[in-house]
Amino acid sequence: MANSKIKYIGVNDHNIDLFEGQYDVPNGMAYNSYIIDDEKIAVMDTVDGNFKDEWFQNIKNAIGDKAPDYLIVQHMEPDHSANIDEFAKAYPNATIVATDRAFVMMKKFFGTDYADRRLVVGEGDTLSLGECNLTFVMAPMVHWPEVMMTYESHEKALFSADGFGKFGALDVEEDWACEARRYYFGIVGKYGVQVQAVLKKAAGLDIQTIYPLHGPILNENLGYYLDLYNTWSSYGIESEGTLICYTSVYGNTKKAVEILADELKNAGCPKVVVNDLARCDMAEAVEDAFRYGKIILATTTYNGDLFPFMREFVNELTERGYRNRKIGIVENGSWAPVVKNKIVKAFELCKNLEFAENVVTIHSAVNDESIEQIKKLAEEMK
C-alpha cells in the first residue's frame, strides 16, 4: 500500500536446517516482524534470538531515533518472542501488549511478567495509535493457547500470527501453496476446529492485506488463501486423486505398489501420488495425506506390528485428527500379516473414515492371487 504506515522489519534465516527441530527447510525461514509508524509507534512481535542485532537495526532503519510506544506480542514461540526482554531493556518506556496467558509465559521465559509496563488485552479490545486503530482477536490454540491476531482498521490489515504462514525465506521464489500446506498440516493441522473459529471472525472483517509471522505478505487474491485455509481446517479434500504411502523391506511390497499405481492410472484415477515413507520427507507425506481424498497404506508386518516408518506416519495422521477420507490397505506378512487390523485399530478414534472393502494380502511375494486383489482395490480406489 502506498504511504503505508506499516513497515516490514523481519529477517531471513538461511542458517537453519530443521525448523522446530524436525521440518526440513531447504529454502530457510522468514521470521516476520512489523512496525506501525503512527502518532504512537507499535512493533508487532520480535524475531528469533539469533537475529537480535539485525532486528534492532531494522527498527532503527524504519523509525530512526524515535522510540516505539508499544510491543504487541501475538505469539510466544521463541522464533517470535525471543527478543521481548531485549526490547524491554532497549525501550524502557514502551508498553508490552499481550494476552494474560502470554504474560504468564513471559514469566517462565524471562523471569518477569512486566507488571509495571504491560497492557493485558482480550477479545475485541482496542488500541488507538492515531490514524491506525488496533482490534485484538483471540486465537487460542492456533496453535498455542496464548495466541491472538490483530486487525488494523485504517489500512484494513490483519496481523495473523502463525496463521497463513509458510516455510521458506522471503528472498527465495517458490510456490506458496506447497510450503504453506506442509507448514499448516505439520504445525497447525491438529487445531482445525480452532482455525475455523478464527476464520469465522475474519469473515466479519474488511481485510485487504494479511501480515503473517512466516512467509510473504498477502495482498492479492485473498480469497484464494482464505479458501485454502478453510479447506485445510475443515479437513476437506483439496485435490482429487489417490495417495499411496508404503514401506518395503526386500522390495516385494514396493513391487505391489508399482503394480497398484499402474492399475490406478489404467482405471482412470485423476492423480496418483506415491511416497516411500523410509525415504521421503515425512512432512510432505502428511501434507499429501490431507490434500487427497483417498489414501492407500501398504506395509509389512514387523515385530508383530506396523513397520516403524508406517507406524510413525499413521501416528502423524491420527494425532492431527485425520478424517473425511477413504483408506485402502495392502498388507504383507510372510507368516502372520497383522497390518489391516493394526491400521483399523489405530484410526478408530478418527472421524468419518471409510475403509476399502478390498484388502490386498501378500504372503512374502506378489503372485497371481494378490495381483487380482490389487486390481480390485485399484478399481475401488480410482
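Residues numbered from 1 in each chain as written. Predicted model: local features only at pLDDT ≥ 70, side-chain atom pairs only at ≥ 80, totals over all residues. Heavy atoms only, no water.

1. Quick notes on the pattern of salt bridges
Following the criterion strictly, the structure yields 20 salt bridges and no others. Across the pair Lys 345 and Glu 348 runs a salt bridge whose closest N-O atoms are separated by 3.2 Å. Look at Lys 345 and you get exposed, because its relative accessible area is 53%. Put simply, Lys 5, Asp 38 and Glu 131 are held in one network by salt bridges that share partners. (Salt bridge = Lys/Arg side-chain N within 4 Å of Asp/Glu carboxyl O. Buried < 20%, exposed > 50% of the residue type's maximum accessible area, 1.4 Å probe, protein only.)

2. Here's the deal with the side chain of Asp 85
Locating Asp 85 in the fold gives a position in helix H3 (residues 84-90). With near-sequence residues (within four places) excluded, Asp 85 lies in contact with Phe 110, Thr 112 and Tyr 114. (Helix = DSSP H or I, 4+ residues; strand = E, 2+ residues; numbered from the N terminus. Contact = heavy atoms within 4.5 Å.)

3. Some remarks on the sheet that holds strand E12 (residues 133-138)
Taken together, the five strands give an open sheet; going across it, the order is E11-E12-E13-E14-E15, and neighbouring strands pair in mixed fashion. This sheet does not close on itself; its edge strands, each paired only once, are strand E11 (126-128) and strand E15 (209-211). Neighbour to neighbour, the strand axes of the sheet diverge by 20° on average, direction disregarded. With three bridges connecting them, strand E13 (residues 148-152) and strand E14 (residues 157-159) associate as antiparallel partners. Counterpart to Thr 150 in the pairing with E14 is Phe 159. (Pairing = 2+ DSSP bridges. Axes fitted to C-alpha atoms, helices over the stretch in contact; angles between N-to-C directions.)

4. A look at the sheet that holds strand E8 (residues 70-72)
Strand pairs in the sheet, formed through backbone hydrogen bonds, run parallel or antiparallel to each other. Read from one edge of the open sheet, six strands run E1-E6-E7-E8-E9-E10, paired in mixed fashion. Looking at the sheet topology across the chains shown, the edges are occupied by strand E1 (6-8) and strand E10 (118-120). Here the strands of the sheet are splayed against their neighbours by 25° on average, with no regard to which way each runs. Two strands pair when backbone bridges link them, and strand E9 (residues 95-98) and E10 are joined in this way by three bridges, in the parallel orientation.

5. A look at the pairing of E13
Most of E13 sits out of view: five of its five residues are buried. Where burial is concerned, the two faces of E13 agree: the one with Met 148, Thr 150 and Glu 152 and the one with Met 149 and Tyr 151 are both buried. Two successive antiparallel strands, E13 and E14, enclose a turn made up of four residues, where Lys 156 displays a positive phi of approximately 55°.

6. With respect to the packing of helix H6 (residues 192-203) against helix H7 (residues 222-233)
Interhelical geometry of H6 versus H7 gives an angle of 145° and a closest axis separation of 8 Å. Crossing hand, H6 versus H7: left-handed. The residues of H7 that touch H6, namely those facing Gly 192, Val 193, Val 195, Gln 196 and Leu 199, are Leu 226, Tyr 229, Asn 230 and Ser 233. When its residues are assigned to classes, the contact of H6 with H7 shows five nonpolar, four polar and no charged. (Left-handed = near helix turned anticlockwise from the far one by under 90°. Nonpolar A, V, L, I, M, F, W, Y, C, P; charged D, E, K, R; others polar.)

7. As for the pairing of strand E16 (residues 239-246)
Across the eight residues that make up E16, a large majority, seven, are buried. The pairing of E16 with strand E17 (residues 272-276) spans five bridges and is parallel. From the neighbouring strand, Cys 245 faces E17, where its bridge partner is Asn 275. Note that the unit made of E16, helix H8 (residues 252-266) and E17 has a crossover that is right-handed. (Right-handed = clockwise from strand over helix to strand, strands pointing away.)

None of this, on its own, says anything about what the molecule does.
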